Amino acid sequence: LDLDHVRDTAIGDEKKRGISGGQRKRVSIGVEMASAPLMLLLDEPTSGLDSTTSLELVTVLKEIAVAADITVAMVIHQPRVEIWDALDELLILGVGGRTVYKGAQKTVKQYFEGHGVEFDPKKNPADVILDAVVTDSQKYADKWTTRIASHNASEPVTPLLIAPAANAFNGASPLRQFALFATRNVEKQLSDFTPFVVETIVILLCGFVLGNSMQDFLLGANYRSPYEPISPVTFKRLLPQLHMYQLMSLGLAAAVAGVNVFGVERLQYFREVPTGLNRVAYFLANVTAALPRVFLVSLVYASVFTVLASLPVPFQFLYFAVVLSYWSIYGLGACVSVTASQKASSLIASTGAVCFAVFNGFIDFPVVLKRFTPGFYASQILQQQHARWIAHWAADPMAENETGYAFGRLTESFFLMVVIGIVLHAIAFALMVLTHRDRQR
């Protein structure tokens, strides 16, 4: 397609300058050719192009038709002489979409000459024919109808030829598709680093603000040993509140980013599904390609917060609690983005992320709401690590009833956060497959 010299250039849009109009047309053709179709249909591929670029494009299409042994059909208006001569078969339509000619290009001139059309050697035959058809479309449509009726037995209408099924594209293996989709997704992220930078700055600010707010704060007992088991604990409700603020800030940032994992590719997904795309490989590749981003952003937040806050929570516990919370919200964003429009998805996902944070246990919601959200288990992990200095109090059933968090369930909490993240992503996959079925054919 003669695009090698612009392979590293952005396509561009109305805001960002990119490749030329003719190159865009060839990119569109290349996208369709990548699925090895048996037939290529193009609607006005030369529209908006100058005559030279139009000829280059049609020449490429002719080469594709011959080299790939496929049928290329296109709607075209006012072709220049060289384009006209490159066509093999013609279907000329008059007013109302009525057929005025269908057959070989080499015989069209003879046909219209037989019906009184005079061809000036200095003029483009296509212009002469179109002028005649526009002038008296009804006449030529009736003549063609009469011709078909009189020659129906001896000259049946030839159906549009399609390449034999032997050329059908079997498709890459699921593993190969996984590798290709993951690579493409990573390259797209690297080509536009702005969203990642913005996401990182937001998380950095959240860690800075929350970390500063928790300086000189320790969860401790009023009474010293050996009276800790009967001691009232100061600020026992402040820590769950802090966890809720953490989950809110992380959730709002992750919700918008999670929506973009699949939301920006919806049209591309709909176009690629009929070409043999393996849905499982596609989904897993996109989820996998987003993981480095989740780990890096979580590392930024956990590092800043650990340095500034005085909470006695080991870094590794805070980090993995943040990672799993962030990843779960990514799953929520994926659920929303595969069903709702991109404009509405960010708002819906952000609202869901806030609900996940509110159900962390600070507010006394029904147990069923808390136990099915990752925020509750993240808070339980952090609460346990923070309260390990007063384990006698934290492990007491009365303390569990007071705070809502169980002591000594660290492994269980991490495991359930992983399960919730997997379930959210599984729901997103099911919604991706089951919704918008009419656009996945």
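Residues numbered from 1 in each chain as written. Predicted model: local features only at pLDDT ≥ 70, side-chain atom pairs only at ≥ 80, totals over all residues. Heavy atoms only, no water.

## Description of the overall build of the protein
Stage number 1. Per the secondary structure count, the protein includes 18 helices and 4 strands.
Stage number 2. Going through the 441 residues of the protein one by one, you find that 42% of them count as buried.
Stage number 3. Put simply, 71% of the contacts in the protein that link residues at least 6 apart link residues at least 24 apart. (Helix = DSSP H or I, 4+ residues; strand = E, 2+ residues; numbered from the N terminus. Buried < 20%, exposed > 50% of the residue type's maximum accessible area, 1.4 Å probe, protein only. Contact = heavy atoms within 4.5 Å.)

## Observations concerning the packing of aromatic side chains
Stage number 1. Applying the stated criterion across every chain, the model contains 17 aromatic pairs.
Stage number 2. Pairwise contacts between aromatic rings join Tyr 101, Tyr 111, Phe 112, Tyr 140 and Trp 144 into one cluster. (Phe/Tyr/Trp six-rings, centres within 6.5 Å; stacked < 30°, edge-to-face > 60°.)

## Remarks on the pattern of salt bridges
Stage number 1. Scanning all chains against the criterion turns up 6 salt bridges.
Stage number 2. Across the salt bridge formed by Arg 98 and Asp 142, the nearest N and O atoms sit 3.2 Å from each other. Taken together, the residues span a long stretch of sequence, with Arg 98 in the loop between β3 (89-93) and β4 (99-104) and Asp 142 in helix α6 (residues 137-150) at a distance of 44 residues.
Stage number 3. Residue classification places Arg 98 among the partly exposed residues on the basis of a relative accessible area of 30%.
Stage number 4. Look at Asp 142 and you get partly exposed, because its relative accessible area is 33%.
Stage number 5. Arg 184 is the salt-bridge partner of Glu 272, the closest N and O atoms lying 2.7 Å from each other. With a gap of 88 residues between them, Glu 272 in helix α10 (residues 266-272) and Arg 184 in helix α7 (residues 174-191) connect regions that are remote in the sequence.
Stage number 6. Residue classification places Arg 184 among the partly exposed residues on the basis of a relative accessible area of 23%. (Salt bridge = Lys/Arg side-chain N within 4 Å of Asp/Glu carboxyl O.)

## Details of the packing of helix α8 (residues 194-213) against helix α11 (residues 279-308)
Stage number 1. α11 packs onto α8 with a crossing angle of 25° between their chain directions and a minimal axis gap of 8 Å. Relative to α11, α8 is oriented roughly parallel. The handedness of the crossing between α8 and α11 is right-handed. Between α8, through Pro 195, Phe 196, Glu 199, Thr 200, Ile 203, Leu 204, Cys 206, Gly 207, Phe 208, Leu 210, Gly 211 and Asn 212, and α11, the contact on the second element is made entirely by Arg 293, Leu 296, Val 297, Val 300, Tyr 301, Val 304, Phe 305 and Leu 308.
Stage number 2. For the contact of α8 with α11, the class distribution of residues is 14 nonpolar, 4 polar and 2 charged. (Axes fitted to C-alpha atoms, helices over the stretch in contact; angles between N-to-C directions. Parallel < 35°, antiparallel > 145°, perpendicular 65-115°, else oblique. Left-handed = near helix turned anticlockwise from the far one by under 90°. Nonpolar A, V, L, I, M, F, W, Y, C, P; charged D, E, K, R; others polar.)

## Comments concerning the nonpolar core
Stage number 1. Ranked by internal contacts, the top residues of the largest apolar core, which has 70 residues, are Phe 262, Tyr 301, Phe 305, Tyr 326 and Tyr 330.
Stage number 2. Broken down by element, the residue count for this core peaks at 15 residues, all from helix α12 (residues 315-337).
Stage number 3. Setting aside residues up to four positions removed in sequence, Phe 305 forms contacts with Gly 207, Leu 210, Gly 211, Met 214, Leu 242, Gln 246, Leu 311 and Leu 318.
Stage number 4. Within the second largest apolar cluster, 19 residues are counted, among which are Trp 84, Tyr 101, Tyr 111 and Val 117. (Core = buried A, V, L, I, M, F, W, Y, C linked by side-chain atoms within 4.5 Å.)

## A word on the pairing of β4
Stage number 1. Sheet topology note: the β3/β4 ladder contains 5 bridges and is antiparallel. Looking across to β4, one finds that Leu 91 is bridged to Lys 102.
Stage number 2. Turn length for the β3-β4 hairpin, with the two strands adjacent in sequence and antiparallel, is 5 residues, and the turn residue Gly 96 shows positive phi of about 80°. (Pairing = 2+ DSSP bridges.)

## A look at the environment of Ala 309
Stage number 1. Tracing the backbone through its elements, the reader meets Ala 309 in the loop between α11 and α12.
Stage number 2. Note on Ala 309: relative accessible area 11%, which makes it buried.
Stage number 3. Expressed as a C-alpha distance, the spacing of Ala 309 and Met 214, which sit 95 residues apart in the sequence, is 5.0 Å.
Stage number 4. Once residues within four sequence positions are removed from consideration, Ala 309 is found in contact with Gly 211 and Met 214.

## As for α7
Stage number 1. An ideal rise of 1.5 Å per residue puts 26 Å on 18 residues; α7 measures up with 25 Å between its terminal C-alpha atoms.
Stage number 2. Taken together, the buried positions of α7 are Gln 177, Phe 181, Ala 182 and Asn 185. Relative to the axis of α7, the buried residues are bounded by an arc of 130° and lie together on one face. For α7, the exposed residues set more than 90 degrees away from the buried face come down to Leu 175, Glu 187, Leu 190 and Ser 191.
Stage number 3. Those residues of α7 that are buried lie in contact with α10 and α11. (Expected span 1.5 Å × (residues − 1). Arc of directions from axis to C-beta.)

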